Amino acid sequence: MANNAIFARLSNLWTGFISLWVSDIEKEHPEIAYQNAIASMIEKYSQLKAATGSIIARRQEITARLDTHERELASVSADLETALATNQDDLAVVLIQKKNALDTAITDLRADAAQATTDADTAKDSLIQVKSEIDKLKAEKDRMLAQMHSAQARIKIQGQLDGLSVDAEVQALGAVRDHIKSQVAQASLGAELHGSDLDVRLNKLRQSSGSVTAKAQLEAMKQARAAAQATPAKTL
């Protein structure tokens, strides 16, 4: 008994693991869950359809027997009238017994026929309901899967917009930008260092001195020329 209990618990545990595993798969692939549910309902629909067929067949069989008994009752009743009219009492007694049996059978068959009709109508209503549920589930499957795919697309786009999936090319541009800025900074630094070099400053000073000397020489030449032009005027 203890071993049976252990095996039962292990079986339940294994069934639980399988159920969780299947549940996880269905979450990742909801189309499988919907398809499994639809397939299960279609199987139940097939079983219910077969049962409904049997119920309808039984109703038809009872109805046929009832029709036969009613026709037989009409015939027996006519024969009974004839036997009474011709004073055939012995035959009339037999016909009365037969008529009574038919009356009882017909009463029972009418009750059975009424119940069979109710059962058939209920089965047909259930069959129509299950068929409607299958159609609704198929429509829900298409609608929910379309919503899921749309949501997945929106999530992917949102992730790209939020920078969660930056392409390698865009990341490479960041490195290129940093390199260009570094080159510009190095060039500016070189110009600054060049302007502060002593030799450069000395050359600038010499160029400035040469310009001052040339300007002084130009002024002296202008004065000498003016003096030379003024001398003949004084001699006259």
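A quick note: this is a predicted structure, and the numbers were derived from the prediction, not measured.

A count of helical and extended segments in the protein gives five helices and zero strands. Its helices and strands taken in sequence order, the protein reads α-α-α-α-α from the N to the C terminus. Accessible area for the protein stands at about 18200 Å²; split by element, carbon and sulfur atoms hold 59% of it.

The next subject is a nonpolar patch on the surface. A cluster of nonpolar side chains, contributed by Leu173, Val176, Ile180 and Val184, occupies part of the molecular surface with about 350 Å² of accessible area. For leucine 173, the position within the fold is in helix 4 (residues 168-195).

Let us now look at the environment of threonine 86. As for its placement among the helices and strands, threonine 86 is situated in the loop between helix 2 (30-85) and helix 3 (89-161). On the basis of relative accessible area, threonine 86 is assigned to the partly exposed category, the value being 42%. Within the local environment of threonine 86, its side chain forms a polar contact with the backbone oxygen of alanine 83, the two atoms lying 3.3 Å apart.

Moving on, we come to unusual backbone geometry. Non-glycine residue asparagine 87 carries a positive phi angle of around 60 degrees. Following the sequence through the fold, asparagine 87 ends up in the loop between helix 2 and helix 3.

Attention now goes to the environment of lysine 138. Looking at where lysine 138 falls in the secondary structure, it is placed in helix 3. Of the residues examined, lysine 138 reaches a relative accessible area of 39% and is grouped as partly exposed. Residues lysine 138 and glutamine 35 lie 103 residues apart in sequence; the distance between their C-alpha atoms is 8.5 Å.

A few words on the packing of helix 2 against helix 3. Close contact between helix 2 and helix 3 brings their axes to 6 Å; oriented N to C, the two are set at 160 degrees. Taken as axis vectors, helix 2 and helix 3 run roughly antiparallel relative to one another. With respect to the hand of their crossing, helix 2 and helix 3 are arranged in left-handed fashion.

Turning next to the nonpolar core. In this structure, Ile62, Leu66 and Leu95 are the most contacted members of the largest nonpolar core, which totals 13 residues. Only helix 2 and helix 3 provide two or more residues apiece to this core. Considering every element that reaches this core, the biggest residue donor is helix 3, with seven residues.

Compared with an ideal rise of 1.5 Å per residue, which puts 56 residues at 82 Å, helix 2 spans 82 Å between its outermost C-alpha atoms and is within 8% of the ideal. Listed in full, the buried residues belonging to helix 2 are Pro30, Tyr34, Ile38, Tyr45, Thr52, Arg59, Ile62, Leu66, Leu73, Val76, Leu80 and Ala83. Positive phi appears at asparagine 87, one or two residues downstream of helix 2, with a value of about 60 degrees.

Turning to the pattern of salt bridges, a few remarks are in order. Any two side chains of opposite charge can pair if their charged atoms end up close together. The final tally for this structure, using the stated rule, is seven salt bridges. Notably, a salt bridge pairs aspartate 103 with lysine 99, separated by 3.1 Å at the nearest N-O pair. Taken together, the residues aspartate 103 and lysine 99, both in helix 3 and four residues apart, mark about one turn of the helix. The partly exposed category is assigned to lysine 99, whose relative accessible area is 26%. The shortest N-O distance in the salt bridge between glutamate 133 and lysine 136 comes to 3.5 Å. Highlighted residues: glutamate 133 and lysine 136, both in helix 3, separated by three residues, approximately one helical turn.

This paragraph deals with the confidence of the model for the protein. Put simply, the protein has an average pLDDT of 80, and 73% of its residues get 70 or more. Within the protein, helix 2 carries the highest mean pLDDT (93), whereas helix 1 (residues 2-28) carries the lowest (52).

Here is what the cut-offs are and how they apply
- Residue positions within a chain follow its written sequence, with the count starting from 1.
- This being a predicted model, a pLDDT of at least 70 is required before a residue's local features are given, and a value of 80 or more before pairs of side-chain atoms are given or counted; all residues contribute to the totals for chains, interfaces and linings.
- Side-chain metrics rest on all non-hydrogen atoms present in the structure, leaving aside hydrogens and water.
- Only DSSP runs of H or I reaching four residues or more are called helices, and only runs of E reaching two or more are called strands; each is numbered from the N terminus.
- With residues, only the protein chains shown are counted as cover, and all accessible areas are computed by Shrake-Rupley using a 1.4 Å probe.
- Any residue with relative accessible area above 30% and no salt bridge may belong to a patch, with like charges joined within 9 Å and the nonpolar Val, Leu, Ile, Met, Phe, Trp and Tyr side chains within 5 Å.
- In what follows, salt bridge is the name for a side-chain nitrogen of Lys or Arg lying within 4 Å of a carboxyl oxygen of Asp or Glu.
- A simple rule labels every residue: compare its accessible area, found with a 1.4 Å probe on the protein chains alone, to the largest value its type can have, and call it buried under 20%, exposed over 50%, or partly exposed in between.
- What qualifies as a polar contact is a pair of N or O atoms within 3.5 Å, subject to a donor-acceptor requirement within protein and to the restriction that residues adjacent in sequence count only when both atoms come from side chains.
- The axes are straight lines fitted to the C-alpha atoms, using for helices just the contacting stretch, and the angles between their N-to-C directions are given from 0 to 180°.
- If an angle is under 35 degrees, it is roughly parallel; if it is over 145, roughly antiparallel; if it lies from 65 to 115, roughly perpendicular; otherwise it is oblique.
- In this scheme the crossing of two helices becomes right-handed for a clockwise turn of the near helix relative to the far one and left-handed for an anticlockwise turn of less than a right angle.
- Here, the term nonpolar core denotes a set of buried Ala, Val, Leu, Ile, Met, Phe, Trp, Tyr and Cys residues that are joined through side-chain atoms within 4.5 Å.
- Expected helix span is taken as 1.5 Å per residue step, with the number of steps being one fewer than the number of residues.
- Scored from 0 to 100, pLDDT reflects the predictor's confidence in each residue.

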